[in-house]
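# Architecture at a glance
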Amino acid sequence: MSYKIPLLFLLCLTFSCSGGTQTKAKQSDSNSQEIARKASNFSADSAFIFTKTQVDFGPRVPGTAAHKAGGDFLSAELKRFGADVIEQEMDLKLYNGNIIHTRNIIGSFQSENKNRILLCAHWDTRPFADQDPNSANWRTPIDGANDGASACAVLLEIARQIQIEQPQAGIDIIFFDAEDWGAPAFDRDRGGRSGYCLGSEYWAKNPHVKNYTARFGILLDMVGAPDAVFYKEYYSMQHAAHIVKKVWESAAALGHGRFFINAMGGAIEDDHLQIIQHRQIPCINIIHYDPHSEIGFGSYWHTLNDNMDNVCKNTLQAVGETVMYVIYKEQ
Ligand code: AHN
Ligand code: ZN
């Protein structure tokens, strides 16, 4: 008789435990589905139009009318989507000693929320197609449909979605100026500095809000080419491996593993490095760079082929949805 009580007790325990686990698993399953549903609201059609609108202004090279128009557009769109917008205007010194007038554009959602996520991209375009196969084009500015416009377009579409459905965290979207004025291949012996990432360097040293910080940052760069592949970038892994893991796992869960490759890529000097070094915010870079290809970057990179013919909605969708999934998942 005496064995009956413990057996009954054991059975109850077993059932209640497995029941509990099952409920929890179901809950997290339906949570993930709900987050995936929110993320799927990202519209590639909309992002494509945001890309084209920027390109239609002409190359957004600091000092030009197209640059002014492009910046005004990004700023007005962020306001239209309900962000508090701050513009930082600054004169910056180029690799060759020349000074350019530039502007970082910052859009903040739920500005009072201390729990923040930073999303960023550069909005200026390269003044010279110094990688173009035809040397006659080396001094011609590029459209920057991928290198500039695509990432800003994805972030604008995310801003539009955030206005409709707010995530728990406050989101800051920063469009950095003067990323792409690195010394061109035909003028490399001048000055000691690479010349890239000037706008982000300025912001990281002089943030728009005193002592600004965020849980983490995600930089997007060249996220629109049909054949884009995003490998795990070296500095992102060094300083923010947990964010890389989160983003690549989210992409896989959404079926975007074709774009987000689960392998190491190169070490790329980009805006995220300024944020890591000068603001100590763990920041990752989602960038089209294939370590197995000859140049690494896409074949259009810093050539006149970086135009609208090289922008694909499937890629914009994969990146936009993945980033949205990550920000809606964050508590
Ligand atoms: C370098 O080529 C050193 N960095 C690439 C950063 C970049 C340029 N991203 C877009 N254009
Ligand atoms: Zn570039």
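Residues numbered from 1 in each chain as written. Chains lettered and ligands numbered in written order. Predicted model: local features only at pLDDT ≥ 70, side-chain atom pairs only at ≥ 80, totals over all residues. Heavy atoms only, no water.

### Examining the sheet that holds strand β1 (residues 84-93)
Under the convention used in this document: In this scheme, strands are said to pair when DSSP sees at least two bridges between them. Secondary structure elements are taken from DSSP: a helix is a run of H or I of four residues or more, a strand is a run of E of two residues or more, and numbering for both begins at the N terminus. Orientation is described by axes fitted as lines to C-alpha atoms, over the contacting stretch for helices, and by angles from 0 to 180 degrees between their N-to-C directions. Here, two residues are considered to be in contact whenever any of their heavy atoms come within 4.5 Å of each other.
Taking strand neighbours across the sheet as the criterion, the six strands line up as β1-β2-β4-β3-β5-β8 in an open arrangement whose pairing is mixed. A single partner strand is all that each edge strand has here, and the edge strands are β1 and β8 (283-287). Here the strands of the sheet are splayed against their neighbours by 20° on average, with no regard to which way each runs. Bridging between β1 and strand β2 (residues 99-108) involves ten bridges; their strand directions are antiparallel. Across the sheet, D91 pairs through a bridge with H101, a residue of β2. Along the sheet, helix α4 (residues 145-164) contacts β3 (116-122), β4 (170-176) and β5 (216-221); its crossing angle with β3, the most-contacted strand, is approximately 150°. On the sheet, helix α7 (residues 271-279) packs against β3, β4, β5 and β8 and is oriented at approximately 175° with respect to β8.

### Details of the confidence of the model for the protein chain
Segments scoring low in pLDDT should not have their predicted coordinates read at a detailed level. Here is the rule we go by: pLDDT is a per-residue confidence score from the predictor, ranging from 0 to 100.
Looking at the protein chain as a whole, its pLDDT mean stands at 93, while 92% of the residues score no less than 70. For the stretch residues 1-5, pLDDT sits under 50, and the model shows zero contacts to residues farther than four places along the chain or on other chains.

### What to know about the coordination of the zinc ion (ligand 2)
The condition is simple: Keep in mind that water is not among the atoms, so a site may look incomplete; donors are the N, O and S atoms within 2.8 Å of the metal, or 3.2 Å for Na, K and Ca. Buried, partly exposed and exposed residues are distinguished by accessible area as a fraction of the type maximum, computed with a 1.4 Å probe on protein chains only: under 20%, between the cut-offs, and over 50%, respectively.
Looking at the zinc ion (ligand 2), the protein donor atoms are D147 (OD), D180 (OD), D180 (OD) and H302 (NE2), and they sit 1.9 to 2.5 Å from it. Between consecutive donors of the zinc ion (ligand 2), the numbers of intervening residues give the motif D-x32-D-x121-H. Residue D180 is located in the loop between β4 and α5 (198-205), and its partner H302 is located in the loop between β8 and α8 (313-329); the two are separated by 122 residues in the primary sequence. For the pair formed by D180 and H302, the shared burial category is buried.

### Let's talk about the environment of Q161
In this structure, Q161 sits in helix α4. Residues within four places of Q161 in sequence aside, it is in contact with N41, F42, S43, M324 and Y328.

### Remarks on α8
Worth spelling out the cut-off: Given the number of residues in a helix, its expected span is that number minus one, multiplied by 1.5 Å.
With 17 residues, α8 should reach 24 Å at 1.5 Å per residue; the first-to-last C-alpha distance of 24 Å fits that figure. Among the 17 residues in α8, 14 count as buried, and that is most of the element.

### Here's the deal with the site of ligand 1
Selection rule: Working definition: residue near molecule or strand if any one of its non-hydrogen atoms lies within 4 Å of it. In protein, a polar contact requires one atom able to donate a hydrogen and another able to accept it; more generally it is a pair of N or O atoms within 3.5 Å, and residues adjacent in sequence count only if both atoms are side-chain atoms. Calculation of accessible area relied on Shrake-Rupley with a 1.4 Å probe; when residues are assessed, cover is drawn exclusively from the protein chains displayed. Gly is put with the polar residues, along with every residue not named as nonpolar or charged; the nonpolar set is Ala, Val, Leu, Ile, Met, Phe, Trp, Tyr, Cys and Pro, and the charged set is Asp, Glu, Lys and Arg.
Around ligand 1, the surrounding shell consists of H122, D147, E179, D180, Y196, D221, M222, E269, D270, F297, W301 and H302. A distance of 3.1 Å is found between a nitrogen atom of ligand 1 and a side-chain nitrogen or oxygen belonging to D147. Between ligand 1 and the protein, one listed contact pairs a nitrogen atom with a side-chain N or O atom of E179 at 3.3 Å. Out of a free accessible area of 320 Å², ligand 1 has 88% covered by protein chains. The residue inventory of the shell around ligand 1, partitioned by class, reads four nonpolar, two polar and six charged.

### Let's talk about the pairing of β5
In terms of residue burial, β5 counts as a mostly covered element, since six of its six residues are buried. Across the two faces of β5 the burial is the same, with F216, I218 and L220 and G217, L219 and D221 all buried. Pairing of β5 with β8 involves five bridges; the strand directions are parallel. Within the sheet, the bridge partner assigned to I218 lies in β8 and is I284.

### Observations concerning the pattern of salt bridges
So the rule is basically this: The working definition used for a salt bridge is a side-chain nitrogen of Lys or Arg within 4 Å of a carboxyl oxygen of Asp or Glu.
Evaluated as defined, the whole model comprises 17 salt bridges. K205 is the salt-bridge partner of E201, the closest N and O atoms lying 2.8 Å from each other. Linking E201 with K205, this pair stays in helix α5, spanning four residues, or about one helical turn. Residues participating in the shared-partner salt-bridge network are E34, R37, K38 and E165.

### Structural notes on helix α6 (residues 234-253)
Under the convention used in this document: Fitting axes to the seven residues that end at a residue and to the seven that start at it, the angle between those axes gives the bend at that residue.
Between its first and last C-alpha atoms α6 spans 23 Å; for 20 residues at 1.5 Å apiece the expected length is 28 Å, and the helix comes up short by more than 12%. Along α6, the helix axis deviates most sharply at A240, where the bend reaches about 115°. Of all the positions in α6, only S236, A240, I243, V244, V247, W248, S250 and A251 are classed as buried. For α6, the secondary structure elements touched by its buried residues are β5, β6 (230-232), β7 (260-264), α7, β8 and α8. Among the residues of α6, the N-terminal cap falls to E233, whose side-chain oxygen and the backbone nitrogen of Y235 are separated by 3.2 Å. Directly after α6, the chain includes G255, whose backbone phi takes a positive value near 85°.

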